[in-house]
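# Descriptive analysis of the structure
Each chain, letter by letter, is given below.
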Amino acid sequence: MGFARACSVALVGVEGVVVEVQADLEPGVAAFTLVGLPDKSLVESRDRVRAAVVNSGAEWPQKKLTVGLSPASVPKSGSGFDLAVACAVLGAAERIDPAAIADVVMIGELGLDGRVRPVRGVLPAVLAAAEAGYRHVVVPEQTAGEAALVPGVSVLGVRSLRQLIAVLGDEPVPEEPDAGPGRPDTMLAGLMVPGAGLGTGLAPSAAGGAAHRPDLAEVAGQGRARKALEVAAAGGHHLLLSGPPGAGKTMLAERLTAILPPLSRQESLEVTAVHSVAGILPPGEPLIGAAPYCAPHHSATMQSLIGGGNGLPRPGAVSLAHRGVLFLDEAPEFSVRALDALRQPLESGHVVVARAAGVVRLPARFLMILAANPCPCGRHTLAGAGCECPPSAVRRYQARLSGPLLDRVDLRVEVEPVGRADLMGSGGRGESSAEVAARVREARERAAERLAGTPWTTNSEVPGHELRTRLVAAPGALMAAERDMERGLLTARGLDRVLRVAWTVADLRGAARPDASDVAVALELRTGIQRGVPMRAGAL
């Protein structure tokens, strides 16, 4: 009787559970039994592993073979267990030393010829292994850079099962031919989900090519909207842009990521882990350093926005936009159920999806931009434009954005039509993204210094209790906000959000704490009521 064990990782959402792969050989009729709550793709690994072992020059044991995946109560899916299963079987057959693989985590899919193919979710799997105390990981060669992002873990990237057997047995490592220059690498197919290319809205500059990066200087006019965009980027505040078609709402939203600061190391690991699980991590870029941008179509379902799918839920658009921008163009055209499902992640920064197969917690701390027309035809606010929508249709259209959802939006800006002078350039060129990004970065640094030692990094994350007790505004600064609250123009949540925006405005102008003018700017950006304060971009 032979016994050996290796380790792999089962992903539940974007979190991993270390799985012990145990192989047991007993005398009897040759058979291969796989137990431990595997799914269909994992059950098929029996044939893949057998063919890969034989084609790698090793002998397949002609005995009763039982492979168990422990803990058996955790659902296991995907083909990433193939490498661990093959090594456990070879260890039980004494082709390799069982002690050499007992504490090694192995992740990878096996081809019938013995090549090791990459799989999705390598980064969160290695992170889970490191948290569990494992220090040696074997992954496909194409994902070795992604696995090496985890500190304190020794990573071995292999191209085939033959190479891994040679390494474990202290034998000469055979050379494996690559695809060759100019030829596509078919091994990378497992890293990308079909259809998850540039058409998903994850790359706002995709339409203009890699050489073109959207710049704020290309936006004609819109000083008030540019100011709101700068405040949203500096404090992480949600923004609603409403106005007629063609005013530049989409252009402004696509340029928001250009003024956001680069992601920190921890934020980059979080974003990369989500994108790796979702299968949209670009090949050759193991670490995402810029804020992601996700713009789903208005026909998106609630499951595609929040997360879902067959079996265990998979990340949705709110998770793909984690630490970045979620842009909902034509927001009233989204289903009411889909929009109202955004309320919980807007407050908590994560989403909990419960399905029959299990409950998954997915990260979802994003900056939401809503773009909406004033009516179905879009000409309701234009003088002499000939809007033919009846008042009931206008009310019904605007009511699709519910009050509880809008209460969570800090900034609401009316985007005016662009004038001839601004469009033809006689009104002067606006500030570039680099100039605005420099002010945003300085404001974020001031906020981070003030919030040092707390679990928050931006003003939008600070609870209202802290804003009213520890981070206090200047004396008399809140008089206008308190009057609006007494008149019913502000809710308690709305007052807290006005305070957060006021702190961001103060950070942008370099003040120690917000005064009455900063609160007036915040109130005007939230309610749209003129307060007699300058609102042009760069006037902070």
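Look up a bit, the structure's there.
What this report covers is the structure whose coordinates are included nearby.

Another aspect to go through is the packing of aromatic side chains. A complete count under the given rule lists 1 aromatic pair for this structure. Note on Phe32 and Trp60: the rings are 5.7 Å apart at their centroids and 40 degrees apart in plane angle, and the pair reads as tilted. Here Trp60 lies in the loop between helix 2 (45-55) and strand 4 (64-70) and Phe32 lies in strand 3 (residues 31-35), a separation of 28 residues in the sequence. Just as Phe32 is buried, Trp60 falls in that class too.

Note on placement: Leu252 falls in helix 9 (residues 249-254). Sequence spacing of Leu252 and Leu216 is 36 residues, and the spatial spacing of their C-alpha atoms is 7.3 Å. If we ignore the near neighbours within four places in the chain, the residues touching Leu252 are Leu216, Val219, Ala225, Arg226, Leu229 and Leu241.

Packed helices, taken two at a time, are described by their axes: the angle between them and the distance between them. The N-to-C vectors of helix 5 (residues 122-131) and helix 10 (residues 265-278) enclose an angle of 120 degrees; their axes lie 7 Å apart at closest approach. Taken together, the axes of helix 5 and helix 10 are oblique relative to one another. Of the residues in helix 10, those touching helix 5 at Val122, Leu123 and Pro124 are Leu269, Thr272, Ala273, Ser276 and Val277. Along the lines of polarity and charge, the residues of the contact of helix 5 with helix 10 split into 6 nonpolar, 2 polar and no charged.

In this section: the pairing of strand 14 (residues 325-328). Burial along strand 14 is two-sided: the face carrying Val325 and Phe327 and the face carrying Leu326 and Leu328 are both buried. Alignment of strand 14 against strand 17 (residues 367-372), held across 4 bridges, turns out to be parallel. Looking across to strand 17, one finds that Phe327 is bridged to Ile369.

Attention now goes to the pattern of salt bridges. Counted according to the given criterion, the structure contains 28 salt bridges. For Glu254, the salt bridge goes to Arg255, with nearest N and O atoms at 3.9 Å. Using a relative accessible area of 6% as the deciding quantity, one classes Arg255 as buried. The salt bridge partner of Arg323 is Glu270, with a shortest N-O separation of 3.1 Å. Within this pair, whereas Arg323 is found in the loop between helix 12 (317-320) and strand 14, its partner Glu270 is found in helix 10, the two being separated by 53 residues in sequence. Take Arg323: its relative accessible area is 22%, and that puts it in the partly exposed class.

Our focus in this paragraph is helix 10. With 14 residues, helix 10 extends 20 Å from end C-alpha to end C-alpha; this agrees with the ideal 20 Å at 1.5 Å per step. In terms of burial, helix 10 is a largely internal element, 11 of the 14 residues being buried. Listed in full, the buried residues belonging to helix 10 are Glu267, Ser268, Leu269, Val271, Thr272, Ala273, Val274, His275, Ser276, Val277 and Ala278. Where helix 10 is buried, its residues contact strand 1 (2-12), helix 5, helix 6 (144-147), strand 13 (314-315), helix 12 and strand 16 (358-363).

On to the pairing of strand 18 (residues 411-414). Residues Leu411 and Val413 line the buried face of strand 18, whereas the alternating positions Arg412 and Glu414 sit on a face that is not buried. As paired strands, strand 10 (residues 239-242) and strand 18 are joined by 4 bridges and run parallel to one another. Paired with Ser242 across the bridge in strand 18 is Glu414.

Thresholds applied
- Residues numbered from 1 in each chain as written.
- Predicted model: local features only at pLDDT ≥ 70, side-chain atom pairs only at ≥ 80, totals over all residues.
- Heavy atoms only, no water.
- Phe/Tyr/Trp six-rings, centres within 6.5 Å; stacked < 30°, edge-to-face > 60°.
- Helix = DSSP H or I, 4+ residues; strand = E, 2+ residues; numbered from the N terminus.
- Buried < 20%, exposed > 50% of the residue type's maximum accessible area, 1.4 Å probe, protein only.
- Contact = heavy atoms within 4.5 Å.
- Axes fitted to C-alpha atoms, helices over the stretch in contact; angles between N-to-C directions.
- Parallel < 35°, antiparallel > 145°, perpendicular 65-115°, else oblique.
- Nonpolar A, V, L, I, M, F, W, Y, C, P; charged D, E, K, R; others polar.
- Pairing = 2+ DSSP bridges.
- Salt bridge = Lys/Arg side-chain N within 4 Å of Asp/Glu carboxyl O.
- Expected span 1.5 Å × (residues − 1).

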